[in-house]
Amino acid sequence: MEKRSLQARIFGFGAVFVSVVAIMTGISFYFIISHAIEGQVGERALSIAITTAERPDIVAGFESDNPTDVLQPIAMTIQASTGAEYVVIGDKDGIRYAHPVVERIGKKMVGDDNEQALLYGQSYISEATGTLGTALRGKAPVFDKDGHIIGIISVGFLKEDMTTLFIRYVDNIAYIVVIAILLGILGSSILARNIKKELFNLEPVEIANLFTERNALIESVREGIVMVDAKGMITMANSAALEILSLPSQTELVGRNIWDVIPNTYLPQVLESGEEHLDRSMELRGKKAIVNRIPIRVGEKIIGAVSSFRSQSDIDRLAEELSQVKQYTEALRAQTHEYNNFLYTISGLIQLNSYDEAINLIHVETAEHQSLIQFMTKRLQDPFLGGIVIGFLNRAKELKVRFILDEDSYLEKLPKHLQKHLFVSIIGNLVTNAFEAVEKLSEELRIVRILIVDNGEEIIIEVEDSGAGVPIEVLDIVWKEKVSTKSDANRGFGLVKVKENVNDLGGSIALEKGDLGGALFIVSIPKGGYLHDKANRDFNRGG
């Protein structure tokens with residue numbers, strides 16, 4: 001009885017569904033045909049109107065003493081030869097010069113759809129109701145030899161005539177719909193009789209289980225996903241999971257035990273306890289990851305579990321980028337702090353009646369500030385880069401670091417096609433690293449130098465510090481991996497980010513030992529951008 005009931009429901013649903021689809025398809029087909037015919041008729045009306053408006057005898061008729069005598073015969077001839085319901089010619093005020101009904105000549109055209117042609121000189125298709133009924137109209141302005149609008153041509157085809165044409169197609173469409181319904185009912189019957197075989201003898205509850213698993217998978221598609229059944233056998237794994245697990249893309253995981261793929265997995269515990277594990281840290285094949293584990297239930301029964309995981313480095317990278325924003329904010333805060341200290345000093349001197357000392361301090365600070373501004377205005381004119389350099393100058397004062405802007409620096413303006421935020425990120429990361437490299441030194445030895453210069457073909461950025469430099473053992477991997485000389489575990493993404501930004505700009509970066517004794521980073525960005533630089537490299541290779 002259950003089998004017959006299931007088959008009956010499938011048969012009924014299939015028959016009704018196919019019938020509805022066939023009927024809807026027939027109706028849609030009818031409207032598509034009618035719309036197509038209307039479009040063709042409208043285009044035909046517009047074409048006739050435009051062609052008529054461009055005829056020299058039409059323009060000459062407008063300029064004659066009695067336009068109606070000249071234009072009426074032309075309009076009637078065009079109407080007869082094209083099969084149009086009417087061809088109406090009016091002046092620039094919409095007064096008829098020609099009309100199929102002679103009594104209406106000299107009266108104003110109706111329909112209120114002449115504005116685009118008479119005011120803006122446009123040709124268009126409109127649908128409006130005139131004295132002869134609702135029609136599709138082609139409207140075209142008439143221009144004199146000087147290009148002024150002197151009148152309008154209106155060619156119309158009545159909608160009721162088109163409706164008669166549409167009805168001719170209804171019988172054929174109806175036959176097709178009936179045949180489709182009969183075939184649908186036959187197909188539904190066959191499908192219902194063989195449904196168990198086609199579904200591998202799965203019952204509806206088993207189909208619901210599969211549907212529940214699919215839903216759980218869809219909810220976690222952005223991360224690596226591994227799904228297991230109640231016995232711990234893998235039933236699904238996506239490509240992101242293979243990538244995070246460092247497995248070849250063609251590796252087949254379905255059917256294998258989860259223990260064989262991830263020996264330290266906790267999915268079996270989830271299957272036993274039914275407890276969710278959210279945002280748990282673990283190591284997957286040597287990579288740190290953040291893992292979620294969720295049991296899959298049908299009622300009170302646990303039928304499997306799904307694990308979604310994401311590389312810890314992705315989260316750390318986001319944290320590093322947020323750290324850069326914090327660094328830029330800190331540079332601005334340092335500038336504010338420096339000026340507050342300066343103002344407090346002046347306030348104290350004034351309260352002590354030490355006016356000469358206050359004035360002298362103001363002059364010294366003003367002279368230093370003006371000297372910096374003048375240098376920046378002449379040598380580093382791009383406000384975007386100038387702003388961050390000034391911010392780091394103030395940050396250096398607070399850190400007691402001697403920050404040198406090389407006197408050979410010169411840059412008028414960054415090309416518009418180069419993304420400025422990438423330059424800010426590059427300079428911000430390199431200068432921040434330089435500050436950190438000298439922070440343990442005595443105050444007189446803390447030196448950081450920056451050079452920004454435009455040599456015509458490329459933009460050169462140099463950042464040098466007096467620190468200990470980059471150890472030789474990490475030189476080969478400093479651009480590829482999370483490497484840092486700091487003890488903090490969440491460090492080391494700065495140079496990787498710098499390398500990515502330089503590559504995005506089509507440039508190159510080198511690391512050398514500088515004259516100050518520490519690291520010297522040299523960045524070269526072609527002014528032509530990535531595609532220009534790639535083309536030059538291809539040309540030089542003979543490619």
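Our structure's up above, just so we're on the same page.
Residue indices follow the written sequence of each chain, beginning from 1 at its first position. Where totals are concerned, whole chains, interfaces and linings use all residues; where local detail is concerned, this predicted model gives features only for residues with pLDDT of at least 70, and gives and counts side-chain atom pairs only at 80 or more. Working from all heavy atoms in the structure, the side-chain values ignore hydrogens and water.

Draft legend 1. View of the sheet that holds strand β8 (residues 277-284). Reading across the sheet, the five strands line up as β7-β6-β10-β9-β8 and stay open at both edges, with antiparallel pairing between neighbours. The strands lining the two open edges of the sheet, one partner per strand, are β7 (234-237) and β8. Between one strand and the next, the sheet's axes are offset by a mean angle of 25°, whatever the strand orientation. Taken together, the six bridges between β8 and strand β9 (residues 287-298) define a ladder with antiparallel strand orientation. Across the sheet, the residue bridging to Met-282 is Ala-289, located in β9. Two strands are said to pair when DSSP picks up at least two bridges between them. Each helix corresponds to a stretch of at least 4 residues labelled H or I by DSSP, and each strand to a stretch of at least 2 residues labelled E; elements are numbered beginning at the N terminus. Each axis is a line fitted through C-alpha atoms, and for a helix only the stretch in contact is used; angles between axes span 0 to 180 degrees, taken between their N-to-C directions.

Draft legend 2. Region of interest: the pairing of strand β4 (residues 133-143). Classification of residues uses two cut-offs on accessible area relative to the type maximum, computed with a 1.4 Å probe and protein chains only: under 20% is buried, over 50% is exposed, and between them is partly exposed. When you tally the buried positions in β4, you get eight out of eleven residues, the bulk of the element. Note that strand β3 (residues 124-130) and β4 share seven bridges and pair antiparallel. Considered in β4, the bridge of Ser-126 is made with Arg-137. Of the pairings in the sheet, the one linking β4 to strand β5 (residues 149-158) comprises nine bridges and is antiparallel in character. The residue of β5 that forms the bridge with Pro-141 is Ile-152.

Draft legend 3. Local environment of the packing of aromatic side chains. Pairing of aromatic side chains here covers Phe, Tyr and the six-membered ring of Trp, requires ring centres within 6.5 Å, and sorts the geometry by plane angle: under 30 degrees stacked, over 60 edge-to-face, intermediate tilted. A complete count under the given rule lists four aromatic pairs for this structure. Geometrically, the ring pair formed by Phe-403 and Phe-435 is edge-to-face, given 5.7 Å between the ring centres and 70° between the ring planes. On the criterion of sequence distance, the pair formed by Phe-403 in strand β11 (residues 402-405) and Phe-435 in helix α15 (residues 420-438) is long-range, its members being 32 residues apart. Taken as a pair, Phe-403 and Phe-435 share a single burial class, namely buried.

Draft legend 4. Here's a closer look at the nonpolar core. In this structure, Val-389, Phe-403 and Phe-423 are the most contacted members of the largest nonpolar core, which totals 40 residues. Listing elements by their share of this core, those giving two or more residues are α14 (383-399), β11, α15, β12 (447-454), β13 (458-465), α16 (494-504) and β15 (519-526). Broken down by element, the residue count for this core peaks at ten residues, all from α15. Residues in contact with Phe-423, not counting those within four places in the same chain, are Leu-385, Leu-414, Leu-418, Ile-459, Ile-461, Leu-505 and Ile-525. Listed in part, the 31 residues of the second largest apolar core include Val-41, Ala-75, Ala-140 and Met-162. We define the nonpolar core as a collection of buried residues of types Ala, Val, Leu, Ile, Met, Phe, Trp, Tyr and Cys that are connected through side-chain atoms lying within 4.5 Å of one another. In what follows, a contact means two residues having at least one pair of non-hydrogen atoms within 4.5 Å.

Draft legend 5. How the structure looks around the environment of Lys-527. Examined against the element boundaries, Lys-527 turns out to sit in the loop between β15 and α17 (529-540). For Lys-527, a relative accessible area of 23% corresponds to the partly exposed category. Sequence spacing of Lys-527 and Pro-415 is 112 residues, and the spatial spacing of their C-alpha atoms is 6.9 Å. Contact partners of Lys-527, with chain neighbours within four places excluded, come to Pro-415, His-417, Leu-418, Asp-454, Gly-456, Glu-457, Glu-458 and Ile-459.

Draft legend 6. Inspection of the sheet that holds β12 at higher detail. Pairing is mixed in the open sheet, where five strands are placed in the order β11-β12-β13-β15-β14. On the outer flanks of this sheet lie β11 and β14 (508-513), each paired with one strand and no other. Recorded for the sheet is a direction-independent mean angle of 15° between the axes of neighbouring strands. The sheet contact formed by β14 and β15 spans six bridges and is antiparallel. Following the sheet pairing, Lys-513 is matched in β15 by Ala-519. Running over the sheet, α14 touches β11 and β12 and is turned about 155° from β11. The sheet strands contacting α15 are β11, β12, β13 and β15, and the helix crosses β13 at an angle near 15°.

Draft legend 7. Structural context of helix α6 (residues 170-193). Multiply 1.5 Å by the residue count of a helix minus one, and that product is the helix's expected span. In this model α6 runs 35 Å from its N-terminal to its C-terminal C-alpha over 24 residues, within 8% of the 34 Å that 1.5 Å per residue would give. Taken together, the buried positions of α6 are Ile-173, Val-177, Ile-181, Gly-184, Ser-188 and Ala-192.

Draft legend 8. View of the side chain of Asp-113. Here Asp-113 is to be found in the loop between β2 (96-98) and α4 (115-120). Polar contacts, as used here, are pairs of N or O atoms within 3.5 Å; protein pairs need one atom able to donate a hydrogen and one able to accept it. Residues neighboring in sequence count only if both atoms are side-chain atoms. Here Ser-126 takes part through its side chain, which lies 2.6 Å from a polar atom of the side chain of Asp-113. Here Arg-137 takes part through its side chain, which lies 3.0 Å from a polar atom of the side chain of Asp-113. Once residues lying within four places of it in the same chain are set aside, the contact partners of Asp-113 are Tyr-124, Ser-126, Ala-128, Arg-137 and Lys-139.

Draft legend 9. Spatial organisation of helix α2 (residues 56-63). Along α2, the residues that are buried comprise Ile-58, Val-59, Gly-61 and Phe-62. What you see down the axis of α2 is that its buried residues fit within an arc of 155°, all on one side. The arc under discussion is defined with respect to the helix axis, by the directions toward the C-beta atoms.

Draft legend 10. Local environment of a nonpolar patch on the surface. Without a salt bridge and with relative accessible area above 30%, a residue can belong to a patch; like charges are then joined within 9 Å and nonpolar side chains (Val, Leu, Ile, Met, Phe, Trp, Tyr) within 5 Å. Only the protein chains shown count as covering a residue, and every accessible area follows the Shrake-Rupley method with a 1.4 Å probe. Any carboxyl oxygen of Asp or Glu within 4 Å of a side-chain nitrogen of Lys or Arg constitutes a salt bridge here. A cluster of nonpolar side chains, Val-16, Val-20, Ile-23, Met-24, Ile-27 and Phe-31, forms an exposed patch at the surface whose accessible area comes to about 560 Å². Take Met-24: its relative accessible area is 48%, and that puts it in the partly exposed class.

Draft legend 11. Main features of the packing of α2 against helix α3 (residues 67-82). Where α2 meets α3, the axes come as close as 7 Å, and the angle between the chain directions of the two elements is 155°. Compared by their axis directions, α2 and α3 come out roughly antiparallel. α3 is crossed by α2, and the crossing has left-handed handedness. Taking contact as the criterion, the partners of Asp-57, Ile-58, Gly-61 and Phe-62 in α2 are, on α3, Pro-67, Val-70, Leu-71 and Ile-74. Grouping the constituent residues of the contact of α2 with α3 by class yields six nonpolar, one polar and one charged. When describing relative orientation, an angle under 35 degrees is termed roughly parallel and one over 145 degrees roughly antiparallel, while 65 to 115 degrees is termed roughly perpendicular and anything else oblique. Less than a right angle of anticlockwise turn of the near helix away from the far helix marks a crossing as left-handed, whereas a clockwise turn marks it as right-handed. For this scheme, ten residues count as nonpolar: Ala, Val, Leu, Ile, Met, Phe, Trp, Tyr, Cys and Pro. Four count as charged, namely Asp, Glu, Lys and Arg, and the remainder, Gly too, count as polar.

Draft legend 12. Structural context of the packing of α14 against α15. Contact geometry of α14 with α15 gives a least axis separation of 10 Å together with a crossing angle of 15°. When the interaxial angle is binned, α14 and α15 end up roughly parallel. Crossing of α14 over α15 shows right-handed handedness. Note on element contacts: α15 touches α14 through Lys-420, His-421, Phe-423, Val-424, Ile-427, Gly-428, Val-431, Thr-432 and Phe-435, opposite Phe-384, Leu-385, Ile-388, Phe-392, Arg-395, Ala-396 and Leu-399. Here the residues of the contact of α14 with α15 are counted per class, giving eleven nonpolar, three polar and two charged.

Keep in mind that these numbers describe shape and distance, not what the molecule does.
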